[in-house]
2 protein chains.
Amino acid sequence: MPSRSPLDAGAGRPLYEQLRGPLLEGISQGRWKAGEPIPTEAALAAEYAVSIGTVRKAVDALVAGGVLVRMQGKGTFVASHNARRMMFHFFHIVPRERDKTYPEVRTLEFRRDRADAEAARALAIPRDERVIRIRNLLTLAGTPVILDHITLPAELFPGLSEKIFTSRDNTIYHLYQSRYGINVLRTDERLRAVPAAAAQAGILGVAPGSPLLEIRRVAVSFRDRPVEWRISAVNTSAHDYHNRFGKGEAP
Amino acid sequence: MPSRSPLDAGAGRPLYEQLRGPLLEGISQGRWKAGEPIPTEAALAAEYAVSIGTVRKAVDALVAGGVLVRMQGKGTFVASHNARRMMFHFFHIVPRERDKTYPEVRTLEFRRDRADAEAARALAIPRDERVIRIRNLLTLAGTPVILDHITLPAELFPGLSEKIFTSRDNTIYHLYQSRYGINVLRTDERLRAVPAAAAQAGILGVAPGSPLLEIRRVAVSFRDRPVEWRISAVNTSAHDYHNRFGKGEAP
DNA sequence: AAGTGGTCTAGACCACTAG
DNA sequence: TAGTGGTCTAGACCACTTC
């Protein structure tokens, strides 16, 4: 089979790196949707006129980046934001002594607005661009722990309503992916300790002025496109923000 | 050349995974020291009677894990904890608006002690085992920002004195590596917001009770051996704890 | 049995470094 | 020029899934 857009062996960049382009293209443009299999390695090798080894190396990189998932004997699939993956990659609040648990989400507010300066900068959109603002309260094992303030660029989420948002039966990132084709690949987080404002304190059940952990997070998709801006206030009296560094598994 | 301890193709585990064992062994036992080259890929292939491709895959994994560093045309080297690598991997406090800067370290206290319950658990040593306790004040661009309380298992750092500790001309982790052969590969961090104690407040120049970011960190070496336990109190009024998730680079 | 990804090989050629 | 790692190939065989 001829190549769709032939790769160039002498282009300076290695073939397995060039191959990433068409693969990401295929995913973000809907040729293969989340949860669906991409073509077999042999088929991709034939399509782009490279060897299977080169295809494997390209796929390896996307698997490492969380974009694809391999299943031996079955095929290679576009990663889907199921609850487990979501918890593992992007949710870092854990009970101090017990195991990680799933949060229960209650939406306190959902409204359309214009971007303020900070949101505009975080989302790389013009000031006063249309955005959707959401406030969520996350409860862990019956205790309210996290107060989220989410800002979404309205342009990327056409028709998103409070009903759609709250009636999802999965994680928020899964909603982004399944309904809008937006895959969250990376997050950038900045943390600091702040005194609880009166409103936060009431909702989280702590004294005003007592320390909260504030997380400011930008979630980005393909090509470093910011797709969500979120400020979380966390009551860390019984929970920690948990984190490992040093990529390798236990050597 | 015959293999030192031959790998077993039919052992269930792939050869490139088995090869990780002897390579880590060689590093942690001093066959190759930090900054030194390991044998060429061809030599390793001959020594362990596998193909170069298999050696490459094993080395790839260790490079990804930060244990080895490749330099085209020169060789593959045992990673060294230079200041740059240290900053990049294990130091996450950044000025809110400006770029990352190097901290200036002042040692406030250095003494020998016995492990309390928390340190014993973190370091996986018996209670009352001998430890070294160090308090450091880290200053960024002239402002005191971080108060570190470090606990080391004395057994792993024989002869370590305040003089040696403070007269190093490089990072702390570099000292661990160059003097004691201890390579910090991973850290496990738990963060929470806490009110500043009076003593901390005085040193960091904030009001008592104002929010500080507290980081509890275990640094581990080969075979998940904990080698350092550290509690840091961070004044986040002008600095953030910064963090990216989602392993891949920008696709 | 057929088809998938997983491992492994043997070798070619290229790009970079050093003497 | 010789030696290193970096890329790429073509194919063998294995382990797993599905029918």
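Above this note sits the structure.
In this report, the structure presented in the accompanying data block is examined.

So, how was this worked out
- Residues numbered from 1 in each chain as written.
- Chains lettered and ligands numbered in written order.
- Predicted model: local features only at pLDDT ≥ 70, side-chain atom pairs only at ≥ 80, totals over all residues.
- Heavy atoms only, no water.
- Pairing = 2+ DSSP bridges.
- Helix = DSSP H or I, 4+ residues; strand = E, 2+ residues; numbered from the N terminus.
- Axes fitted to C-alpha atoms, helices over the stretch in contact; angles between N-to-C directions.
- Contact = heavy atoms within 4.5 Å.
- Least-squares fit on C-alpha atoms with pLDDT ≥ 70 in both.
- Buried < 20%, exposed > 50% of the residue type's maximum accessible area, 1.4 Å probe, protein only.
- Near = heavy atom within 4 Å.
- Polar contact = N/O pair within 3.5 Å; in protein donor to acceptor, adjacent residues only side chain to side chain.
- Nonpolar A, V, L, I, M, F, W, Y, C, P; charged D, E, K, R; others polar.
- Salt bridge = Lys/Arg side-chain N within 4 Å of Asp/Glu carboxyl O.
- Core = buried A, V, L, I, M, F, W, Y, C linked by side-chain atoms within 4.5 Å.
- Expected span 1.5 Å × (residues − 1).
- Arc of directions from axis to C-beta.

## Some words on the sheet that holds strand β9 (residues 226-234) of chain A
Strand-to-strand pairing in sheets goes through backbone hydrogen bonds, with the strands running parallel or antiparallel. The strand order β4(A)-β5(A)-β6(A)-β9(A)-β8(A)-β7(A)-β10(B)-β3(B) describes an open sheet built from eight strands, whose pairing is antiparallel. Two strands lie at the open edges of the sheet, namely β4 (104-114) of chain A together with β3 (93-95) of chain B, each paired on one side alone. Looking at each pair of strands side by side, their axes are set apart by 25° on average, direction ignored. Here β3(B) pairs with strand β10 (residues 239-245) of chain B via three bridges, running antiparallel. Note that in β10(B) the partner of B:Val94 across the bridge is B:Asp240. Taken strand by strand, helix α8 (residues 172-180) of chain A contacts β5 (130-140), β6 (143-153), β7 (186-195), β8 (211-220) and β9 of chain A, and its axis lies near 165° from that of β9(A).

## A closer look at the sheet that holds strand β10 (residues 239-245) of chain A
Read across the sheet, eight strands follow the order β3(A)-β10(A)-β7(B)-β8(B)-β9(B)-β6(B)-β5(B)-β4(B) without closing on themselves; strand pairing throughout is antiparallel. Only two strands of the sheet have a single partner each, and these edge strands are β3 (93-95) of chain A together with β4 (104-114) of chain B. Neighbour-to-neighbour, the strand axes of the sheet open up by a mean angle of 25°, direction not taken into account. Relative to strand β9 (residues 226-234) of chain B, strand β8 (residues 211-220) of chain B is paired through eight bridges, and the arrangement is antiparallel. Bridged to B:Arg217 within β9(B) is B:Arg230. Against the sheet, helix α8 (residues 172-180) of chain B contacts β5 (130-140), β6 (143-153), β7 (186-195), β8 and β9 of chain B, and its axis sits at roughly 165° relative to β9(B).

## Observations concerning the relation of the copies chain A and chain B
With an RMSD of 0.1 Å, chain A superimposes on chain B once it is rotated by 180° and translated 0.1 Å along the axis. Those values place the two copies in the arrangement expected of a two-fold rotation axis. Both copies contact each other with a shared surface, as 100% of the interface residues of chain A are interface residues in chain B too.

## A few points about the pairing of β7(A)
All names here are of chain A. For β7, the tally of buried residues reaches eight of ten residues, placing the bulk of the element in the interior. Bridge count between β7 and β8: ten bridges; the pairing is antiparallel. When the sheet's bridge partners are listed, arginine 192 is paired in β8 with glutamate 214.

## What to know about the protein's contact with DNA strand C
Surrounding DNA strand C, one finds 19 residues, the nearest of these being A:Arg70, B:Leu15, B:Tyr16, B:Ser51 and B:Thr54. By atom count, sugar and phosphate contribute 82% of the portion of DNA strand C lying within 4 Å of the protein. One nitrogen or oxygen atom from the side chain of A:Arg56 is found 3.2 Å from a phosphate oxygen belonging to DNA strand C. A distance of 2.7 Å separates a phosphate oxygen of DNA strand C from a polar atom in the side chain of A:Arg70. Elements supplying a minimum of two residues to the surface near DNA strand C: β1 (68-71) and β2 (75-78) of chain A together with α1 (15-18) and α4 (52-64) of chain B. Of the residues belonging to the surface near DNA strand C, the class tally is five nonpolar, nine polar and five charged.

## Let's talk about the interface of chain A and chain B
The partner chain B presents 42 residues to the 41 residues of chain A that form the contact. Across the chain A-chain B interface, the total number found is seven salt bridges. The closest approach of N and O atoms between A:Asp188 and B:Arg244, which form a salt bridge, is 3.5 Å. On inspection of chain A and its partner chain B, the count reaches 18 residue pairs in polar contact (both at pLDDT 80 or more). Of all the elements, β7(A) adds the most residues to the side of chain A that touches chain B, at ten residues. Of the residues in the side of chain A that touches chain B, the class split is 17 nonpolar, nine polar and 15 charged. Bridge count between β10(A) and β7(B): five bridges; the pairing is antiparallel. Residue pairing in the sheet places A:Phe245 in a bridge with B:Thr187 of β7(B).

## Some thoughts on the protein's contact with DNA strand D
The full set close to DNA strand D counts 19 residues, and A:Leu15, A:Tyr16, A:Ser51, A:Thr54 and B:Arg70 are the nearest of them. Of all atoms in DNA strand D that approach within 4 Å of the protein, 81% are sugar or phosphate atoms. Here the residues of the surface near DNA strand D are counted per class, giving five nonpolar, nine polar and five charged.

## With respect to the nonpolar core
Grouped together as the largest cluster of nonpolar side chains are 71 residues, with contacts concentrated most on A:Leu160 and B:Leu160. Not counting residues within four places of it along the chain, the set of residues in contact with B:Leu160 comprises B:Phe110, B:Arg112, B:Ile132, B:Leu152, B:Phe165, B:Leu175 and B:Tyr180.

## Some remarks on helix α4 (residues 52-64) of chain A
All names here are of chain A. Taking 1.5 Å of rise per residue, 13 residues should cover 18 Å, and α4 covers 18 Å from first to last C-alpha, within 8% of that figure. Buried residues of α4: Thr54, Val55, Ala58, Val59 and Leu62, and no others. Taken down its axis, α4 places every buried residue within 130° of arc, on the same side. Against the buried residues of α4 lie α1 (15-18), α2 (20-28), α3 (41-48), β1 and β2. Glycine 66 sits one or two positions beyond α4 and adopts a positive phi of about 80°.

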